[in-house]
Amino acid sequence: MPGKLKARIVAGRHLPVMDRASDLTDAFVEVKFGNTTFKTDVCPKSLNPQWNSEWFKFEVDDEDLQDEPLQVTVLDHDTYSANDAIGKVYIDIDPLLCSEAASVISGWFPIYDTIHGIRGEINVLVKVELFNDLNRFRQSSCGVKFFCTTSIPRCYRAAMVHGFVEELVVNEDPEYQWIDRIRTPRASNEARQRLISLMSGELQRKIGLKVLEMGGNAVVGYLQCFDLEGESGLVVRAIGTACTLDKLSSGSAPNTNTHMPVFGEDLLSSSGPPTPFRALPTSSSSPPPFSPSKPCSRQSSSSDTDLSLTPKTVTIISKNPLVKSLCTVSDTAVFFYLQEFPFFTLTSFPPGFLVHVGGVVSARSVKLLDRIHNPDEPETRDAWWEEIRQEIKSHAKALGCHAVVGYSESTSICEEVCILSASGTAAILNPRYMLQLGLEADGRWCVLFSRFEEPSPPSCGFCHIPYDELNMPFPAQLTYCYHCRRQKVPDVLFTTIDLPPEAAVTGKGCLIQARLCRLKKKAQGEVNATAISNLLPFMEYELHTQLMNKLKLRSMNALFGLHIQISVGENMLLGLASATGVYLTALPAPGGIQIAGKTPGDLSNEQHILTIQKRINDTIAKNKELYQINPPELTEEVVGSPIPDPRQRSRLFRSHSESSDEVSELDLSHGKKDAFVLEIDDTDAVEDIHSLLTDAPTPTGFYSCNTEVMPGIYNWTSGVQMFTSVRVLRLSNANLTNQGLNKIFTDLCENLLKSFYFKLRSMIPCCLCRLNFTVAVPEEELIQVAVTAVAMTFDKDQTQEKPAEKAITKGLSVSSLDRSSPLPEGRSRSLRSNRSFAGGSVTVVKMTPLSFLPGTRIIKYLGIINMFFIRETSSLREEGGVSGFLHSFIAEVFAMVRAHVAALGGNAVVSYSMKECVFMENPNKNQAQCLINVSGDAVICVRETDQEPIPSMTNIGQTCTSGTDGAT
């Protein structure tokens, strides 16, 4: 589908002084797309030039419009020497290629230079004209919409979910390519930025082609990542969930306060008169496609039943030729056509979608990187990820599940070693929403269903075990559900998804983190990879141990939003696990934590053990009161299976030996509940106690979670404050032990959280939601922690409105939302945040990691924002050290994101995330470099009471108040 791209350069402002003689600039602009370049006239001696150029026209194919960005380069004209570069702007054209997209990109864009940062602004207009092309062999995917949100977008309805899509592209990294001339840092950085932009566009186009082949029109939960493999090359990869979305009318747009995705239920109808049956072409070996000749091959469980249900006639609509027919299907209306084993990158689902949740499934693999010889054939990397996914599938099947939800992939790279990680939650989906079409051994088509004897109550059904009680893949204690008393539930549940909206919860949730550092010897090649492979299982075990301990300490029994990161460095491995703990009423109450065993060194006296035990018991009692956990008392506990012998039980706490005979002599009961027993018999066990008792309590009025909303809080106000913080710590002691390193890492994370509570104290009561921690070991002696989250205020009393929010303290430099003027007492803060500038007022583009803004509704999605920036300096101390450098860089990133959203006509960015933040420092040469990748969905929001969208801001440089806390 050929198209025409038109661009016009209007003006510039606040340009830097490039001519020292006149303290002015002779600026002109180069506009480049593909291999075609246009230039404006030189505007002499002005820091605020007015070009008002003609329309520059590029006639290109639509696939080039998807792959290439429009490059706008501002230069200073020199008569007798080479022109000096001022900065560049990369404009993504893809948001203009959808039928529902904006018609023009128009606004002020920051002029960015990788050495000096933002150097003024330029006003650009961009238009695209597409011509219809019915070529079935076209290589473009124009019209496919992409969403970063991990739930169905707010103003859409899912007509069909097709399944998992993935793709990756590889290339050589310009930073490590040999060239025959001296390469300046600016040229190297710009070559890298341009290549990544091209690869990102190509990747998005290829994913879109896969979606079109599946019959979809959108990708939800789109996750794109960059793997900087050094001399091995550069990899850009992405995963997502292919869907067919229908736009909701403005009158039927859902209320964002429900925090629930919208799924269409009128695609298939089981009511009304029977529809004539039209089968696929039949033969002696091909019966009608929806007449299964044998039951589902999945192992049976106590909740399975046969297919002898009364058939109902439904209409199945799908572009897949295997299911494009009118058929008779048993049970209720079929809603999804899925792959053989579906993966979902979504974390939020409609009520009833998840029938049973088996638990977290994960896989990790250590690989040695090799040089990418042919960028057009990335089979090696594809094979690596396929191995990981196959392992995830096998784990899920062992749990009796046929799908993985909340699925994500990540990497950690150091030199030539790469750790590939993938995780998700094994689940069984409602047969009403799911149809699996499989091919039998004799070539006949059959339909595979998951069936249940009777529907479970929505408030507890997802907690019921999907595996066979008599053939469990691991030892576990099962009890009858405390809510319905009909099915079995585990004593604890770990998941990577958000808490289902229908789940019955007691009290409030809280953020639970496990932190771990392990030293390793420096090595190269296979020796290094083997050492890391040997450490990984023990690190995961210890992280889960900490999570379980802290969950019990808070008197909770389930984790949601679990995210485990393991980052590799030259001489250490860092592990960080974050999740939101809750108390599910369907699961049994957690037991206590009991200290037992001999104590080494200074812990040898019995009195000290009693003191520790008392502290733990007091902490559990305080946490119950803090999180308002008051489960209803049951007169009789029904145990579904006998408690295994202590020798056979899954021991979640360490002992000095797995075969120790002393274990059976311990008293494992604490009242009527089983107690977790922690044996203090080595220094590792002391770490367990230290991790339990050193977590600082959350200040009064604050709550925190890493899920989209806090379980137990529903009365949100419109007070929202997003923040980003980056801490970099240089280790000074070269003789650190594992215990010393653990303490440093724990203190770093704890102090980061304490700084948030201090700077956000004026927003009490508030909750820190979607806390996303990212850890890295960029260099041998550096530990880096980056955090993005949003603080949301809520009313303690739902019947009263929250008083006007006070301005945040001056010490908070991480704000990404502007402050509004004080409102009259008794009124919550308005979404419209105005700031006076040049005699008028402008509105700041809002940014949030949530998929919604409280008190507003999204009326239009304008496309995804996926931007990659590099910043380098050779005057680190002069810029304020690491702290000042990171602060100014992230503030500039926010400004550029806001500018692109405003140019599209948007006024907010939802589902914002900072996927990559790589910092490298050479203090001896006063140099530093940072690479940042951010993404999100550009949207138009209106307040619940308004019909017209809030105007986006028209000035960038004067309204950005964001930044980071960088610390050394």
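Here the structure is a predicted model, which means the values were calculated and not measured.

## Structural notes on helix α2 (residues 185–214)
Taking 1.5 Å per residue, 30 residues should reach 44 Å; α2 reaches 44 Å between its end C-alpha atoms and fits that length. Where α2 ends, the next residue or the one after it, G215, has phi of about 90°, a positive value.

## What about the nonpolar core?
Grouped together as the largest cluster of nonpolar side chains are 70 residues, with contacts concentrated most on L70, I91, I93 and I122. Broken down by element, this core gets its largest block of residues, twelve residues, from helix α8 (residues 881–903). Here I91 is in contact with P69, L70, V72, I105, F109, V124, V126 and H900, once residues within four sequence places are set aside. Ranked by size, the runner-up nonpolar core spans 55 residues in total, among them V405, A586, I713 and V939.

## Describing α8
Here α8 spans 33 Å end to end across 23 residues, near enough to the 33 Å set by a 1.5 Å rise per residue. Among the 23 residues in α8, 19 count as buried, and that is most of the element. In the segment just after α8, G905 is the residue with positive phi, at about 95°.

## Quick notes on the side chain of S567
With respect to the helices, strands and loops of the structure, S567 is situated in strand β25 (residues 558–568). The class for S567 is buried, based on a relative accessible area of 7%. Not counting residues up to four positions away in its chain, the partners in contact with S567 are S412, M572, L573, L574, V775, A776 and V777.

## Considerations on unusual backbone geometry
Residue P765 is bonded to the preceding I764 through a cis peptide linkage, with omega at -5°. With respect to the helices and strands, the residue P765 is situated in the loop between α7 (738–759) and β33 (766–776). Phi at Q628 takes a positive value of approximately 55°, unusual for a residue other than glycine. Note on placement: Q628 falls in the loop between α5 (606–626) and β28 (669–670). Residue Q628 is classed as partly exposed on the basis of its relative accessible area, which comes to 40%. Here S911, not a glycine, exhibits a phi torsion of approximately 55°, which is positive. Among the secondary structure elements, S911 is positioned in strand β39 (residues 908–922).

## Focus on the sheet that holds strand β18 (residues 417–429)
The sheet built from three strands is open, its strands ordered β16-β18-β17 with antiparallel pairing. Whereas interior strands pair on both sides, the edge strands pair on one side only; in this sheet they are β16 (354–368) and β17 (403–414). On average, adjacent strands in this sheet sit at an angle of 10° to one another, irrespective of strand direction. On top of the sheet, helix α3 (residues 379–398) reaches β16, β17 and β18; it is set at about 145° to β16, its chief contact.

## A short note on the environment of K247
Tracing the chain through its elements places K247 in strand β12 (residues 234–247). In the structure, K247 is positioned 147 residues away from E100 in sequence and 9.6 Å away in space, judged by C-alpha atoms. Excluding residues within four positions of it along the chain, K247 makes contact with E100, C155, Y156 and I859. Polar contacts involving the side chain of K247 include one to the main-chain carbonyl oxygen of I859, which spans 3.3 Å.

## Some words on empty space enclosed by the protein
Scanning the model with the defined rule gives ten cavities of 30 Å³ or more in all. Estimated volume of the largest cavity: approximately 550 Å³. Within the residue set of the lining of the largest cavity, elements represented by two or more residues are α1 (62–67), β6 (84–91), β7 (104–113), α2, β38 (856–873) and α8. Among the elements that take part in the lining of the largest cavity, α2 stands out by supplying seven residues, more than any other. Tallied by class, residues from the lining of the largest cavity come to 18 nonpolar, nine polar and six charged. In this model, the second largest cavity occupies a volume close to 150 Å³. The wall of the second largest cavity is formed by 15 residues, among which C98, K145, F146, L862 and G863 lie closest to the centre. For the lining of the second largest cavity, the leading source of residues is β38, giving four residues.

## Points about the environment of E916
When you line up the elements, E916 lands in strand β39. Each C-alpha atom of the pair E916 and C225 lies 7.9 Å from the other, and the pair is 691 residues apart in sequence. For E916, the contacting residues outside a window of four places in its chain are F226, L931, I932 and N933.

## Let's talk about the sheet that holds strand β40 (residues 927–943)
Backbone-to-backbone hydrogen bonds pair the strands of a sheet. The strands run either parallel or antiparallel. Taken in spatial order, the four strands line up as β37-β39-β40-β38 in an open sheet, and their pairing is mixed. Every interior strand has two partners, whereas the edge strands, β37 (846–847) and β38, have only one. Along the sheet, α2 makes contact with β38 and β40, crossing β38 at roughly 150°. Running at roughly 140° to β38, α8 makes contact with β37, β38, β39 and β40 of the sheet.

## Things to note about the state of the cysteines
Counted according to the given criterion, the structure contains zero disulfides. Of all cysteine sulfurs, the one in C705 lies closest to C510, which takes part in no disulfide; the gap is 9.6 Å. C930 provides the cysteine sulfur closest to C917, a residue in no disulfide bond, and the two sulfurs are 4.1 Å apart.

## Examining the confidence of the model for the protein chain
On average, the protein chain scores 76 in pLDDT, and the residues at 70 or more come to 71%. Ignoring residues within four places in sequence, the model shows residues 435–453, a span with pLDDT below 50, making 76 contacts including any to other chains. This stretch, residues 952–968, has a pLDDT under 50; its non-local contacts, to residues over four places away or in other chains, come to 78 contacts.

## Some remarks on the pairing of β38
A large share of β38 lies buried, amounting to 14 of its 18 residues. Pairing of β38 with β40 involves 16 bridges; the strand directions are antiparallel. Looking at β40, one finds that I858 is bridged to C941.

Reading guide: rules and limits
- Residues numbered from 1 in each chain as written.
- Predicted model: local features only at pLDDT ≥ 70, side-chain atom pairs only at ≥ 80, totals over all residues.
- Heavy atoms only, no water.
- Helix = DSSP H or I, 4+ residues; strand = E, 2+ residues; numbered from the N terminus.
- Expected span 1.5 Å × (residues − 1).
- Core = buried A, V, L, I, M, F, W, Y, C linked by side-chain atoms within 4.5 Å.
- Buried < 20%, exposed > 50% of the residue type's maximum accessible area, 1.4 Å probe, protein only.
- Contact = heavy atoms within 4.5 Å.
- Pairing = 2+ DSSP bridges.
- Axes fitted to C-alpha atoms, helices over the stretch in contact; angles between N-to-C directions.
- Polar contact = N/O pair within 3.5 Å; in protein donor to acceptor, adjacent residues only side chain to side chain.
- 1 Å grid on protein atoms, 1.4 Å probe; cavity = no way out; pocket = protein on both sides within 12 Å on 5 of 7 lines; lining within 4 Å.
- Points joined across faces, edges and corners; volume = space filled by probe spheres on them.
- Nonpolar A, V, L, I, M, F, W, Y, C, P; charged D, E, K, R; others polar.
- Disulfide = S-S within 2.5 Å.
- pLDDT = per-residue confidence, 0-100.

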